[in-house]
Amino acid sequence: MRLRKISASLLVLFLALGAAVAYEHSWGPKTAKQIAAIEEEILRLEESGRVKALRGESQWDDLMADGAYAIGGDGTVLIYKKGQNLSSMSLTSFEISELIVRVYQDVVVVTGLSKVAAETPDKKPFSFQMRYMNVWKKSSDGWKIVASERTMVRPYGK
Amino acid sequence: MKKQFLQTAFQGLALAIIWLSLTAGPTLGQTEVVNQAEDELKALMKRMATAQVKYDSATLDRLFTPDYVEISPIGEVDSREKVLGFYTPEAKSKDGGPEAVVEVSEFRLRVYAEFAIVLERLSFSTTIKGKPPIAPIVLRVTAVCRKENGVWRVASTQYTAIKSH
């Protein structure tokens, strides 16, 4: 009789766990308030990325997922590895604007425009603009970029 | 005694089945789900590329999600309506009636339940009647796809020119 009670309790526990897992994976955020909170969080992370890029930081584990796709402005594909050192040039200015944030359950797609200014080693200033897309995915250790692409902005005919 | 043993064994077996269905079950089934998604997403991407070269906006209309957004190879953000406008018969006439073929390669995929990220290399070879062939345009595309009512659709794309080295 005691065994039967334990079995029944375990069964209820397993079913509850299963239901919780299914809910987490199938539904995600539902209310406008939840979506607004996610948008706010993602914008904060985007800003964090902007500051890291401006500082020329090379460690991106806090924002990039292991195995994330990163497409450069020349169309090359980099598959990010945890702990990877991403060398970058030192920037004098890095602005982001025209942000579009679309929240889908535990995936968020962000597009934006980045205006970058820097200097050559012999101190000659140059600047360029890139349209970018970051795809964020929520995992057990928070929101991480799972795919990103950069496209150089240029006028027609160039 | 024997009856009690069988009862306990049966209960143990039932619990083991429940446990497996909650843990190992999804893991074993995941491979099949990803394989099926890969086939469906490859077909979706092929249909999209073919519809683009054929100026088939009706097909693209079916393949895009209602909130589709595209980043073009020149870095512009184009709305769904604007993109569909590029692929009408009128637009084809305006472009000089080009005939193009697209070669798709370097397919890469990540599937996250109802979402997927697809990467491809697209090579467009275009000819316009009476003119010499245009040099192939080679692009990298990242597509964010979403499952709606059991059907994969494209929610976002970004195209970047691949520079020849």
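Residues numbered from 1 in each chain as written. Chains lettered and ligands numbered in written order. Predicted model: local features only at pLDDT ≥ 70, side-chain atom pairs only at ≥ 80, totals over all residues.

A. Region of the structure containing the overall build of chain B. Looking only at helices and strands, one finds five helices and six strands in chain B. In chain B, the succession of helices and strands from N to C terminus is α-α-α-β-β-α-α-β-β-β-β. Residue pairs at least 24 apart in sequence account for 55% of intrachain contacts in chain B once pairs closer than 6 positions are excluded. (Helix = DSSP H or I, 4+ residues; strand = E, 2+ residues; numbered from the N terminus. Contact = placed C-beta atoms within 7 Å.)

B. Highlighting the sheet that holds strand β1 (residues 64-71) of chain A. Residues and elements named next belong to chain A. The six strands lie next to each other as β2-β1-β6-β5-β4-β3, forming an open sheet whose pairing is mixed. Two strands in the sheet have a free side with no partner beyond their single neighbour: β2 (77-79) and β3 (91-104). Adjacent strand axes in the sheet meet at a mean angle of 15° when their direction is disregarded. Sheet analysis places strand β4 (residues 107-119) next to strand β5 (residues 125-139), joined by 13 bridges and oriented antiparallel. Counted as the bridge partner of Val109 is Val135 from β5. (Pairing = 2+ DSSP bridges. Axes fitted to C-alpha atoms, helices over the stretch in contact; angles between N-to-C directions.)

C. Representation of the pairing of β1 of chain A within the structure. All names here are of chain A. Counting buried positions along β1 gives six out of eight residues, so the element sits mostly inside the fold. For β1 and strand β6 (residues 142-152), the ladder comprises four bridges, and the chain directions are parallel. Bridge pairing in β6 links Met64 to Ile145. As paired strands, β1 and β2 are joined by three bridges and run antiparallel to one another. Bridged to Tyr69 within β2 is Ile79. Connecting β1 to the antiparallel partner β2 that follows it, the hairpin turn spans five residues, and Gly75 within it adopts a positive phi of roughly 85°. (Buried ≥ 20, exposed ≤ 12 C-beta atoms within 10 Å, placed from the backbone.)

D. Spotlight on the environment of Phe64 of chain B. All names here are of chain B. Of note, Phe64 is situated in strand β1 (residues 64-71). By the C-beta count within 10 Å, which is 20 here, Phe64 ends up buried. When the C-alpha positions of Phe64 and Ser164 are compared, they lie 30 Å apart, and in sequence the two are 100 residues distant. Every residue in contact with Phe64, bar those within four places of it in the chain, is listed here: Arg80, Arg153 and Val154.

E. Structural view of unusual backbone geometry. Residues and elements named next belong to chain A. Of note, Glu98 is a non-glycine position whose phi angle comes to about 50°, a positive value. According to the C-beta neighbour criterion, Glu98 is exposed, with 10 such atoms within 10 Å. Phi is positive for Gln105, close to 50°, though the residue is something other than glycine. With respect to the helices, strands and loops of the structure, Gln105 is situated in the loop between β3 and β4. What makes Gln105 buried here is the crowd of 21 C-beta atoms within 10 Å.

F. Quick look at the sheet that holds strand β6 (residues 151-161) of chain B. Residues and elements named next belong to chain B. Strand order in this open sheet of six strands is β2-β1-β6-β5-β4-β3, and the pairing throughout is mixed. Looking along the sheet, the strands with just one partner apiece sit at the ends: β2 (77-79) and β3 (99-112). Neighbouring strand axes in the sheet, compared pairwise and without regard to direction, differ in orientation by 20° on average. As paired elements, strand β4 (residues 115-127) and strand β5 (residues 134-148) share 11 bridges and run antiparallel to each other. In the strand pairing of β5, Phe124 is matched with Ile137.

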